[in-house]
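Residues per chain are reported as follows:
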Amino acid sequence: MARKKGNGLSYLLERLSRTATEVTGTSSAFILALLVIIVWLASGPLFNFSDTWQLVINTGTTIVTFLMVFLIQRSQNKDALAIHLKLNEIVAALEGASNRLIDVEDLSEEEIKTLHKYYQRLVDMAKKDIKLTQSHSIEEADMRHNVKHGKHHHLSDA
């Protein structure tokens, strides 16, 4: 799928948030932040631990935290949307899966609780039927693989 580069502020913010979350999530970024704190602490005696000395670190960390909250939230929103789309595709593609679960995140909290209770009942029934440590047989896995392979082979011949 070709990726279309957007224009304007939205594209710039997307690139900035992606870059910021990638860079700040590294060990190097943590070490740099730790070094800033160590230098600030070491400089305390030079400034007699003054109010201005304290204000510098408080202001700096507040500004960085404030901006990072929005950048990280933007990045998480995009990631969450991508995950929802992938899950929707799986639900839509799986035979026997309920299409009611597509875009389940848009349901009300009460509707989600109702679905949760339903699936919890299925879990309880499954626990009564089999041991949790029991796995599918090799034969069943082979059969499912052959069914999938047959569908893909059939589609590619068309």
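Residues numbered from 1 in each chain as written. Predicted model: local features only at pLDDT ≥ 70, side-chain atom pairs only at ≥ 80, totals over all residues. Heavy atoms only, no water.

(A) Molecular detail of the overall build of the chain. Helices and strands together make up the secondary structure of the chain, namely 5 helices and 0 strands. The linear arrangement of helices and strands in the chain, starting from the amino end, is α-α-α-α-α. Taking all 158 residues of the chain together, 8% fall into the buried category. Taking the intrachain contacts of the chain between residues at least 6 apart in sequence as the baseline, contacts between residues at least 24 apart amount to 36%. Per element, the accessible surface of the chain, about 14,000 Å² overall, is 64% carbon and sulfur. (Helix = DSSP H or I, 4+ residues; strand = E, 2+ residues; numbered from the N terminus. Buried < 20%, exposed > 50% of the residue type's maximum accessible area, 1.4 Å probe, protein only. Contact = heavy atoms within 4.5 Å. Areas by Shrake-Rupley, 256 points an atom, 1.4 Å probe, with all protein chains shown as cover.)

(B) A look at the packing of aromatic side chains. Evaluated as defined, the whole model comprises 4 aromatic pairs. Taken together, a centroid distance of 4.0 Å and an interplanar angle of 5° make the contact between Trp40 and Trp53 stacked. Within this pair, whereas Trp40 is found in helix α2 (residues 27-43), its partner Trp53 is found in helix α3 (residues 51-93), the two being separated by 13 residues in sequence. Taking 5.1 Å as the distance between ring centres and 70° as the angle between the ring planes, the aromatic pair formed by Phe66 and Phe70 counts as edge-to-face. (Phe/Tyr/Trp six-rings, centres within 6.5 Å; stacked < 30°, edge-to-face > 60°.)

(C) Geometry of the packing of α2 against α3. With their axes 10 Å apart at the nearest point, α2 and α3 run at an angle of 170° to one another. Classified by the angle between their axes, α2 and α3 sit roughly antiparallel to one another. Contacts between α2 and α3 pair Ile37, Trp40, Leu41 and Ser43 from the former with Trp53, Gln54 and Ile57 from the latter. When grouped by side-chain class, the residues that make up the contact of α2 with α3 number 5 nonpolar, 2 polar and no charged. (Axes fitted to C-alpha atoms, helices over the stretch in contact; angles between N-to-C directions. Parallel < 35°, antiparallel > 145°, perpendicular 65-115°, else oblique. Nonpolar A, V, L, I, M, F, W, Y, C, P; charged D, E, K, R; others polar.)

(D) Representation of unusual backbone geometry in the model. Positioned with a positive phi, Phe49 is a non-glycine residue whose angle comes to about 50°. Counting through the fold element by element, Phe49 comes out in the loop between α2 and α3. The phi angle at Asp103 is positive, at roughly 60°, despite the residue not being glycine. Secondary-structure assignment places Asp103 in the loop between α3 and α4 (109-129).

(E) Representation of the side chain of Ser17. Mapped onto the secondary structure, Ser17 falls in helix α1 (residues 8-24). At 3.1 Å, the side chain of Ser17 and the backbone oxygen of Glu14 are in polar contact. Contact partners of Ser17, with chain neighbours within four places excluded, come to Leu71, Arg74 and Ser75. (Polar contact = N/O pair within 3.5 Å; in protein donor to acceptor, adjacent residues only side chain to side chain.)

(F) Quick peek at the pattern of salt bridges. The full count for this structure, using the stated rule, is 3 salt bridges. Between Arg18 and Glu14 there is a salt bridge; the shortest N-O distance is 3.1 Å. Highlighted residues: Arg18 and Glu14, both in helix α1, separated by 4 residues, approximately one helical turn. Here Glu14 falls in the partly exposed class, since its relative accessible area comes to 22%. Where Glu14 meets Lys78, a salt bridge forms, and the shortest distance between an N and an O atom there is 2.5 Å. Separated by 64 residues along the polypeptide, Glu14 in helix α1 and Lys78 in helix α3 bring together distant segments of the chain. (Salt bridge = Lys/Arg side-chain N within 4 Å of Asp/Glu carboxyl O.)

(G) Broad picture of the confidence of the model for the chain. Summing up the model confidence of the chain, the mean pLDDT is 84 and the portion of residues at 70 or higher is 85%. Mean pLDDT in the chain bottoms out at helix α5 (residues 138-157), which sits at 68, and peaks at α2, which reaches 96. (pLDDT = per-residue confidence, 0-100.)

(H) Highlighting the packing of α1 against α3. Close contact between α1 and α3 brings their axes to 9 Å; oriented N to C, the two are set at 100°. Considering their axes alone, α1 and α3 lie roughly perpendicular with respect to each other. Contacts between α1 and α3 involve Ser10, Leu13, Glu14, Leu16, Ser17, Arg18, Ala20, Thr21 and Thr24 from the first element and Met68, Leu71, Ile72, Arg74, Ser75 and Lys78 from the second. By residue class, the composition of the contact of α1 with α3 is 6 nonpolar, 5 polar and 4 charged.

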